[in-house]
Amino acid sequence: MNRKVMAILLVSVLVLLGAGAFTAVRLLNPPESNDLPAGAQVFEDVYDDGSGSPVTVKTVILPATELPTEEFAAGGVFLRQEDNSYFVGTGSTSVNVQIENGEPQVAVDHSGPEVEVVVTQGTIFYEDITEVSFEASESKEQTLQQAVRQVDPPTDLQGGASITAWGERRGDRVVATLIVFAETR
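Residues numbered from 1 in each chain as written. Predicted model: local features only at pLDDT ≥ 70, side-chain atom pairs only at ≥ 80, totals over all residues. Heavy atoms only, no water.

Caption draft 1: Molecular detail of the overall build of the protein. Tallying secondary structure elements over the protein gives one helix and twelve strands in all. Order of helices (α) and strands (β) in the protein, N terminus to C terminus: α-β-β-β-β-β-β-β-β-β-β-β-β. Of all 185 residues assigned to the protein, the portion counted as buried reaches 38%. The contacts of the protein with a sequence gap of at least 6 include a subset with a gap of at least 24, amounting to 61%. Of the roughly 10,700 Å² that the protein leaves accessible, carbon and sulfur atoms contribute 50%. (Helix = DSSP H or I, 4+ residues; strand = E, 2+ residues; numbered from the N terminus. Buried < 20%, exposed > 50% of the residue type's maximum accessible area, 1.4 Å probe, protein only. Contact = heavy atoms within 4.5 Å. Areas by Shrake-Rupley, 256 points an atom, 1.4 Å probe, with all protein chains shown as cover.)

What follows is the structure in structure tokens.
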């Protein structure tokens, strides 16, 4: 390896070690698999196991029975809220959380377009309350059943929350009939 590559690797390792607890959550496009039902979510989570070595855990979350079985209109990572609209980054998404001085620092990225999800008085909200432990699986893979509860519309979602919306899609806008959200895991 040349010196430039070695220097980049060394800096990367030092940044990882200096950041303390490090969690990167990446919502992957669900794999084309006959084994997974429509709406299944696949996450790849990377965390520091305390030794400075990153550990990857793959988590598959099967959709809750309360949710529609048809394809959702928009899904991705929450970016911001303006009035009655939630703006969602779509495509391959990543949420990186680093703890600095005891405070979480969240960085959000997405590869697809930004979609506006418009909320009406009739929009139903569910909060995803699925218990996920990234360190629980020895095999580094786990499949979980999604658990949701109906709630009032959130007013203070944090950047990086996951949002899935069903409703009528018109270009880069969805008029939502149902929204499921999960705070950063």
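Caption draft 2: Just the nonpolar core, in detail. If you look at the biggest cluster of nonpolar residues, it comprises 17 residues, and the most contacted ones within it are Phe 78, Tyr 86, Val 117, Phe 125, Leu 157, Ile 163 and Ile 179. For this core, the secondary-structure elements that each account for two or more residues are strand S4 (74-82), strand S5 (85-89), strand S8 (114-128), strand S11 (162-170) and strand S12 (173-182). Ignoring anything within four residues of it in the chain, the contact list for Phe 78 reads Tyr 86, Phe 87, Leu 157, Gln 158, Gly 159, Gly 160, Ala 161 and Ile 163. Membership of the second largest hydrophobic core comes to seven residues, among which are Ala 64, Leu 67, Val 148 and Val 180. (Core = buried A, V, L, I, M, F, W, Y, C linked by side-chain atoms within 4.5 Å.)

Caption draft 3: Region of the structure containing the side chain of Ser 85. Here Ser 85 lies in strand S5. A polar contact is formed between the side chain of Ser 85 and the side chain of Glu 116, at a distance of 2.6 Å. The contacts of Ser 85, once residues within four sequence positions are left out, are Arg 80, Glu 116, Val 117 and Val 118. (Polar contact = N/O pair within 3.5 Å; in protein donor to acceptor, adjacent residues only side chain to side chain.)

Caption draft 4: Expanded view of the packing of aromatic side chains. Tallying each qualifying case throughout the model produces three aromatic pairs. Ring geometry for Phe 72 against Trp 166: centres 6.3 Å apart, planes inclined by 85°, an arrangement best described as edge-to-face. Of the two residues, Phe 72 is situated in the loop between strand S3 (54-62) and S4 and Trp 166 in strand S11; the sequence distance between them amounts to 94 residues. One cation-aromatic arrangement involves Arg 80 over Phe 87; the distance from NZ or CZ to the ring centre is 4.2 Å. (Phe/Tyr/Trp six-rings, centres within 6.5 Å; stacked < 30°, edge-to-face > 60°. Lys NZ or Arg CZ within 6 Å of the ring centre and 35° of its normal.)

Caption draft 5: Representation of the pattern of salt bridges within the structure. With the rule as written, the count across this model stands at five salt bridges. The salt bridge partner of Arg 80 is Glu 82, with a shortest N-O separation of 2.8 Å. By relative accessible area, Arg 80 is classed as partly exposed at 32%. With relative accessibility at 40%, the residue Glu 82 sits in the partly exposed group. By sharing partners, the salt bridges in this structure join Arg 80, Glu 82 and Glu 114 into a single network. (Salt bridge = Lys/Arg side-chain N within 4 Å of Asp/Glu carboxyl O.)

Caption draft 6: Inspection of the side chain of Thr 164 at higher detail. Checked against the element boundaries, Thr 164 lands in strand S11. In this structure, Thr 164 is in contact with Phe 72, Ala 74, Gly 75, Leu 178, Ile 179 and Val 180, ignoring residues within four places of it in sequence.

Caption draft 7: Fine view of the pairing of strand S9 (residues 141-145). Burial along S9 is one-sided: the face carrying Gln 142 and Leu 144 is buried and the face carrying Glu 141, Thr 143 and Gln 145 is not. Relative to S9, S3 is paired through five bridges, and the arrangement is parallel. The partner of Lys 58 across the bridge, within S9, is Glu 141. (Pairing = 2+ DSSP bridges.)

Caption draft 8: Region of the structure containing unusual backbone geometry. Even without a glycine there, the phi angle at Asp 83 is positive, about 50°. In this structure, Asn 101 is a non-glycine residue whose phi angle is positive, near 55°. Note that Asn 101 resides in the loop between strand S6 (93-100) and strand S7 (103-110). For Asn 101, a relative accessible area of 81% translates into the label exposed.

Caption draft 9: Focus on the confidence of the model for the protein. Across the protein, the average pLDDT comes to 78, with 77% of residues at or above 70. Note on residues 1-33: pLDDT under 50 across the span, and 55 contacts to partners over four residues away in sequence or across chains. (pLDDT = per-residue confidence, 0-100.)

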